[in-house]
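Descriptive analysis of the structure
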Amino acid sequence: MSFISVQSDIAVCHENPRGDLLHLKEIGFSAIDFSLHSYLTNKQLYNKDVTTFFDKSEEELYEYFRPLKEASKETGVEIFQMHMPYPNYVPSAKEELNTYLREVMSVKAMKICHYLDCKYIVIHGFKLSRYLGSEDAEWEKTKEFLEYLAPYAKEYGITMCIENIYISTGFHIIEGPCCNAKKAARRIDSMNEKFGAEVLGFCFDTGHANLVGIDFEDFVSTLGGRLKVLHVHDNDGVADLHQVPFTFTRTRENKPVTDWDGFLRALKVVEYKGAINFETAPVLKSFPPELRDTALRTIYEIGCYFEGQIR
Amino acid sequence: MNILTTTATVTRPERPSQGINDIKAAGFDDFIIDASMYLEPRVLMRWNKLLTPEKEQWIADDIAAMKTALSERGIVPRAVLLPYASTEMMRSDYVEVLTKYCKMILREFEDAGIRNFIARPLTVNIETNELDEVNKAYYMDLLGECKCEDTKILLVNACRCVGGHLIRGMFTEPEQVISWLDMLNEKAGKKRFGFCCDIGAYTLAAVNMQDTLKAMGECVDMVWLRDNDGKSDKSIMMFFGQQGGEYTTDLLGLIRGLRECEFDGDLIMDASTSIHLCPAMLWPQYMKFEREMAGYIQWQIELETSLYKYDHIVLFGAGNMCRAFMKAYGDRVQPLFTCDNNQASWGTVFEGLEVMNPEVLRDLPENTGVYICNMYYTQIEAQLKEMGVANIEFFNDEYLPTYHEQRIDRNKKAITE
């Protein structure tokens, strides 16, 4: 049975989760990646503009997402993973904002994850290496944040997943937090040992990895069983475009600019069991609404191809 | 630290003399020979058609011409960059040809006294599971060609091509570099292998340069400094590679990394792509500019270590740059005081330092460094020289080890947070 997932942003609207999940199921998807981050966007945070969404009480939030929970149960489309709002820390902001992000937003995000019976929540590391002077110092801050949430993760049986992300030096993109697989593996093992539970895992993002020239096969192989969820998408190696795999090429031989073969080889070797999840909401904006279903079907078919290669 | 350039910038293979003269006239300490000018990647790509007996003779003649030019001037260049395969190479039968020429070039230039040979790994069109074996054999083969015990082969980080997209290749990860150097040097029985960091390749691979350089520490013998557009393997003059009006190279990571690994080796400036776009008559001027650029980069790298060469330090300036100095270095190097031409500030305390009248600089303890913390360097330097002040240094806050958020905004005349 296929286990293919797609990002919920745009594909599933709050007003009609049952209808939209049914529609995704008809196309073939059996899970979604719930875009909780769309309720407090990075643009808002970098403008230090916090919406009141996470000011709602826990009960209000559960009531707000009840239709989605029920729709997931009814349709059998699992909420396999979700994405915490990001960034989780804004260096130039007042401490009140960062305290809010840690003590209010992230805690409620964990509770929403638990309410929706979701086992994996993707959390971005803090982008502080240039500010603090080293990647190790940056990780210490991220670690503090994760350890603050780890008791919730342990209690709810949730695995927080750090993700390889990038930073921009002007317009040029370079590796950001969690782009070193060996360090990530050590840090994951260390935190899980400390808490006596699998509170931390990894989300491999193919698009981000492609932008910073990471060797997919080497990275995924190094992670092994610590790899829990995926963000699969494609780009031209220059901008974070979140498009469909196999879209981009630079040569007359028309070979893809992304090493999908290496990625699939590694997923097979590490016996990846999670969902093949596509973080491709922008594709649904690129295509006209009339072709949205066609785009989703194409994404699904690519997922089937990937599954055929790895399982 | 030695400041080098490469013959790829201004030297014609068939008549190298003028290029060598221009390199020397520009003020470079030394240079490396880019031997890919003898066996160009485009020739190697079609070696069975283009490596005719005539071409082979030209190669031999060009190498002889270089050796003669060097001998006439009593020059022994610092290193040779051996020929390599382009990432656009479509065939895999180039290895034997490339190895043959690399060995020949190594023999010839070792004979001319050169003791360092930079060799890119063989990665193009070689299966991933064969890379280790192929390269072990290649590097040991090159070493076997050396006649002198102190000749070194330098590994260098490379990119891999995926559908025209350059990503991280062999020797990009520090752990792999360290492990290979240990392995090869053990096989050699002596430290015969070292490492050259190709900053251009790191930029294409989008690595965290600070972490990478710091992790490699003492392994770094040479740094090959070149800029690019983030997409293609070019050698653009430093600070001229740009995307959207911003630098492509992670200069902050580069400077921090070279400071942290206390780099004191050979800095190779390579702006060959930029220089070749200019009229040949202007090449000597560009070379001089490139040398100035290298001096600036060296100064930035050595900025921190220079702080420790003095028994005492005083600052000149009571503004943002002074604040930056104190936030970055105040806990390691405690200046005696600062001074400022603004009389209203005398007697106040700024960032824990008393602000004094610059006149006090006429009477400083011995071996005191005076750091100008103000962007109007030349004016203030002239002022201090007129006062007879010695040990004048420029401080700069473009590449600090850490950042802070408190800057003075002259429009608000207060600290903005």
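All of these numbers come straight from a predicted model, not from anything done at the bench. (Residues numbered from 1 in each chain as written. Chains lettered and ligands numbered in written order. Predicted model: local features only at pLDDT ≥ 70, side-chain atom pairs only at ≥ 80, totals over all residues. Heavy atoms only, no water.)

Observations concerning the overall build of chain A
Along its length, chain A carries twelve helices and ten strands. Taking 311 residues into account, the globule formula puts the C-alpha radius of gyration at 19 Å, and chain A, at 19 Å, falls close to it. Summarising its shape, the C-alpha atoms of chain A cover approximately 50 × 45 × 40 Å along the three principal directions. Counting every position in chain A, which comprises 311 residues, the buried fraction comes to 58%. Within chain A, counting contacts between residues at least 6 apart in sequence, those at least 24 apart form 77% of the total. With an accessible surface of roughly 12700 Å², chain A has 49% of that area assigned to carbon and sulfur atoms. Considering chain A, the positive charge centre built from 35 side chains and the negative charge centre built from 46 side chains are found 2 Å apart. (Helix = DSSP H or I, 4+ residues; strand = E, 2+ residues; numbered from the N terminus. Rg over C-alpha atoms; globule rule 2.2 N^0.38 Å. Buried < 20%, exposed > 50% of the residue type's maximum accessible area, 1.4 Å probe, protein only. Contact = heavy atoms within 4.5 Å. Areas by Shrake-Rupley, 256 points an atom, 1.4 Å probe, with all protein chains shown as cover. Lys, Arg positive; Asp, Glu negative; His and termini not counted. Charge placed at Lys NZ, Arg CZ, Asp CG, Glu CD.)

Structural notes on the pattern of salt bridges
Counted under the stated rule, the structure contains 47 salt bridges over all chains. Its salt-bridge partner being A:Glu135, residue A:Arg187 comes within 2.8 Å of it at the nearest N-O pair. With A:Arg187 in helix H7 (residues 181–195) and A:Glu135 in helix H6 (residues 135–156), this residue pair connects regions lying 52 residues apart in the sequence. Each member of the pair, A:Arg187 as well as A:Glu135, is classed as buried. The salt bridge partner of B:Glu304 is B:Arg259, with a shortest N-O separation of 3.8 Å. Highlighted residues: B:Glu304 in helix H12 (residues 283–307) and B:Arg259 in helix H10 (residues 251–260), separated in sequence by 45 residues. (Salt bridge = Lys/Arg side-chain N within 4 Å of Asp/Glu carboxyl O.)

A word on the nonpolar core
Counting 98 residues, the largest nonpolar core has A:Phe65, A:Ile121, A:Met160, A:Phe204 and A:Phe263 as the members making the most contacts within it. Residues contacting A:Ile121, with those up to four places away along its chain left out, are A:Met82, A:Met84, A:Ala109, A:Met110, A:Cys113, A:Ile158, A:Thr159, A:Met160 and A:Cys161. Of all hydrophobic cores here, the second largest spans 90 residues; its members include B:Leu39, B:Ala69, B:Met89 and B:Trp180. (Core = buried A, V, L, I, M, F, W, Y, C linked by side-chain atoms within 4.5 Å.)

Brief notes about the packing of helix H3 (residues 58–75) of chain A against helix H4 (residues 95–115) of chain A
Residues and elements named next belong to chain A. Orientation of H3 relative to H4, taken along the N-to-C sense of each, is 40°, at an axis distance of 10 Å. For the pair H3 and H4, the crossing hand works out as right-handed. Contacts from Glu58, Leu61, Tyr62, Phe65, Arg66 and Lys69 of H3 reach H4 at Lys108, Lys111, Ile112 and Tyr115. (Axes fitted to C-alpha atoms, helices over the stretch in contact; angles between N-to-C directions. Left-handed = near helix turned anticlockwise from the far one by under 90°.)

Describing unusual backbone geometry
In this structure, the amide linkage connecting A:Tyr86 to the following residue, A:Pro87, adopts the cis form with an omega of 0°. Its location among the elements puts A:Pro87 in the loop between strand S3 (78–83) and H4. One non-glycine residue, B:Asn367, lies in positive phi territory at about 55°. Counting through the fold element by element, B:Asn367 comes out in the loop between strand S16 (353–356) and strand S17 (368–372). Residue B:Asn367 is classed as partly exposed on the basis of its relative accessible area of 29%.

What to know about empty space enclosed by the protein
Over the atoms, a rolled probe matching the size of one water molecule traces out where space is still vacant. Across all of its chains, the model carries four cavities of 30 Å³ or more by this definition. Empty space within the largest cavity amounts to approximately 80 Å³. In terms of lining, the largest cavity is formed by 14 residues, of which the most central are A:Ser129, A:Arg130, B:Asn208, B:Gln210 and B:Asp250. Where the lining of the largest cavity is concerned, the elements lending two or more residues are helix H5 (129–132) and strand S7 (172–175) of chain A together with helix H9 (209–216) and H10 of chain B. In terms of residue count, H9(B) provides more of the lining of the largest cavity than any other element does, three residues in total. Classifying every residue of the lining of the largest cavity gives three nonpolar, five polar and six charged. (1 Å grid on protein atoms, 1.4 Å probe; cavity = no way out; pocket = protein on both sides within 12 Å on 5 of 7 lines; lining within 4 Å. Points joined across faces, edges and corners; volume = space filled by probe spheres on them. Nonpolar A, V, L, I, M, F, W, Y, C, P; charged D, E, K, R; others polar.)

Some remarks on helix H10 (residues 260–269) of chain A
Since one α-helical turn is 3.6 residues long, residues separated by three or four positions face the same way. Where H10(A) is concerned, the buried positions are A:Trp260, A:Gly262, A:Phe263, A:Leu264, A:Ala266 and A:Leu267. Looking at the buried residues of H10(A), the elements they touch are strand S8 (200–205), helix H8 (206–211), helix H9 (216–223), strand S9 (227–231) and helix H12 (292–310) of chain A.

Describing the interface of chain A and chain B
In this assembly, 36 residues from chain A lie in contact with 33 residues from chain B. Taken as a group, A:Arg130, A:Tyr131 and A:His172 account for 22% of the area that chain A buries against chain B, more than any other trio of residues on that side. Linking B:Asp250 and A:Arg130 is a salt bridge whose minimum nitrogen-to-oxygen distance equals 2.7 Å. Our enumeration of links across chain A and chain B arrives at 18 residue pairs in polar contact (both at pLDDT 80 or more). The set of elements that each furnish at least two residues to the side of chain A that touches chain B consists of H5, S7, H7 and H8 of chain A. (Buried area = accessible area lost by both parts, 1.4 Å probe. Polar contact = N/O pair within 3.5 Å; in protein donor to acceptor, adjacent residues only side chain to side chain.)

Observations regarding the layout of surface pockets
There is about 1300 Å³ of room inside the second largest pocket. Along the wall of the second largest pocket there are 49 residues; nearest its centre are A:Asn42, A:Tyr46, A:Tyr86, A:Lys127 and A:Tyr166. Mapped by element, the contributors of at least two residues to the lining of the second largest pocket are helix H2 (42–46), H5, strand S6 (166–169) and helix H11 (281–286) of chain A together with strand S11 (246–247) and H10 of chain B. Considering each element in turn, the lining of the second largest pocket owes the most residues, four residues, to S6(A).

Considerations on the packing of H9(B) against H10(B)
Residues and elements named next belong to chain B. Where H9 meets H10, the closest approach of the two axes is 7 Å, and the angle between their N-to-C directions is 15°. Our classification of the angle between H9 and H10 gives roughly parallel. The handedness of the crossing between H9 and H10 comes out as right-handed. Contacts between H9 and H10 involve Met209, Gln210, Leu213 and Lys214 on the former and, on the latter, Gly253, Leu254, Arg256, Gly257, Leu258 and Glu260. (Parallel < 35°, antiparallel > 145°, perpendicular 65-115°, else oblique.)

A word on the confidence of the model for chain B
All names here are of chain B. Overall, the prediction assigns chain B a mean pLDDT of 92, with 97% of residues at 70 or greater. Low pLDDT, under 50, characterises residues 413–417; the predicted model gives this stretch twelve contacts beyond four residues in sequence or across chains. Here the predicted complex carries an ipTM of 0.90, next to a pTM of 0.92. (pLDDT = per-residue confidence, 0-100.)

Re the sheet that holds strand S3 (residues 79–81) of chain B
All names here are of chain B. With parallel pairing, the eight strands of this closed barrel are ordered in space as S1-S2-S3-S4-S5-S8-S9-S12. The mean angle between the axes of side-by-side strands here comes to 30°, regardless of whether they run parallel or antiparallel. Sheet analysis places strand S1 (residues 2–6) next to strand S2 (residues 30–34), joined by three bridges and oriented parallel. The residue bridging Thr6 from the neighbouring strand is Ile32, located in S2. (Pairing = 2+ DSSP bridges.)

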